[in-house]
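Listed below are the residues making up each chain.
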Number of protein chains: 2
Amino acid sequence: MYTIKTKIQLFNEAGNAFGPGKAQLLNAIAEFGSISAAAKSMGMSYKRAWDLVNAMNAGFQSALVVTKIGGSQGGGAEVTELGLKVLSLYQEATQKADTFISEQFVDLISLLK
Amino acid sequence: MYTIKTKIQLFNEAGNAFGPGKAQLLNAIAEFGSISAAAKSMGMSYKRAWDLVNAMNAGFQSALVVTKIGGSQGGGAEVTELGLKVLSLYQEATQKADTFISEQFVDLISLLK
C-alpha cells in the first residue's frame with residue numbers, strides 16, 4: 001500500500017498567495033460564516049486565521065472574505081463570490097492534478113517494496 | 001508574476017518512501033560518487049544522508065545506492081541501475097506534473113492581483 005501526497009502552492013511577489021491551508025480556511029469560513037469558528041475548527045489561532053484572510057484579500061483582485069459588523073448574529077464573515085470562485089477553481093485544479101499524478105507515478109510506485 | 005510550487009511525495013507503510021529530498025540526494029550521489037560529498041553539496045549532515053539512503057534502500061525492491069569499500073579512491077558510493085531508473089521515472093513524472101499543473105491553474109492565477 002502506498003499513498004501520494006501532493007502540495008500545490010501559488011506564490012506572487014508578496015510570498016505565498018494561495019495553497020492548501022488558505023483553501024481549507026476559506027472553505028471553513030464558508031461553512032461556519034465566522035472566522036473565529038473556522039479557525040477553531042482547524043485548531044488554528046484567531047490571529048493566524050486573520051493573517052491568512054488579510055493575505056488572501058490583499059493577494060487577489062478583490063477581497064475573498066468580508067466581515068459583517070453587528071446584526072442579530074453579532075457579526076460574522078462571508079466568503080465573497082470571488083472567494084467561492086477561487087475555492088472552486090483550486091479544488092477542481094487540485095483534484096485533476098491528483099488524478100494526473102497518480103497515473104504518472106504508476107511505474108515508479110511499482111518499484112516500491 | 002507568480003510561481004507554482006509543487007511537492008509530490010510517495011508514502012508506504014513505513015512512512016515517506018520517496019520525494020524531492022531523496023531525489024536530490026540520489027542525484028547528488030550519482031554526480032559525486034560519494035555519500036559524504038553529496039551530503040556536503042546539499043548542506044546536509046552525513047548522518048541525515050545515510051538515514052535517507054537506508055530508508056530508500058529499504059523502501060524499494062532492491063537497493064538504490066551501494067557503497068564500495070576500499071580501492072584506490074578509498075571507497076565511495078554508487079547509484080544502482082534501479083536507483084537510476086527510480087530517479088529518471090521521478091524526474092519525468094514530476095516534470096509532466098508541473099506542466100499539467102501550470103495549465104490547470106491558469107484560471108485561478110488570472111484572479112491574483
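Cut-offs used in this document
- Residues numbered from 1 in each chain as written.
- Chains lettered and ligands numbered in written order.
- Predicted model: local features only at pLDDT ≥ 70, side-chain atom pairs only at ≥ 80, totals over all residues.
- Heavy atoms only, no water.
- Contact = heavy atoms within 4.5 Å.
- Salt bridge = Lys/Arg side-chain N within 4 Å of Asp/Glu carboxyl O.
- Polar contact = N/O pair within 3.5 Å; in protein donor to acceptor, adjacent residues only side chain to side chain.
- Helix = DSSP H or I, 4+ residues; strand = E, 2+ residues; numbered from the N terminus.
- Nonpolar A, V, L, I, M, F, W, Y, C, P; charged D, E, K, R; others polar.
- Buried < 20%, exposed > 50% of the residue type's maximum accessible area, 1.4 Å probe, protein only.

Time to look at the interface of chain B and chain A. With 39 residues of chain B in contact, the opposing surface of chain A contributes 39 residues. Our enumeration of links across chain B and chain A arrives at zero salt bridges. At the junction of chain B with chain A, the criterion picks out 15 residue pairs in polar contact (both at pLDDT 80 or more). Elements represented by at least two residues in the side of chain B that touches chain A include exactly β1 (2-12), β2 (15-18), α3 (46-59), α4 (81-104) and α5 (106-109) of chain B. Take the side of chain B that touches chain A: its biggest share by element is 12 residues, from α4 of chain B. When its residues are assigned to classes, the side of chain B that touches chain A shows 23 nonpolar, nine polar and seven charged.

Before going further, it helps to examine the pattern of salt bridges. Residue and element names in this part refer to chain A. Taken as a whole and assessed by the stated rule, the structure comprises four salt bridges over all chains. The partner of Lys47 in a salt bridge is Asp51, with the nearest N and O atoms 2.7 Å apart. You can see Lys47 and its partner Asp51 sitting in helix α3 (residues 46-59), four residues apart, about one turn around the helix. What makes Asp51 partly exposed here is its relative accessible area of 36%. Lys96 is the partner of Glu92 in a salt bridge, and the nearest nitrogen-oxygen pair spans 3.4 Å.

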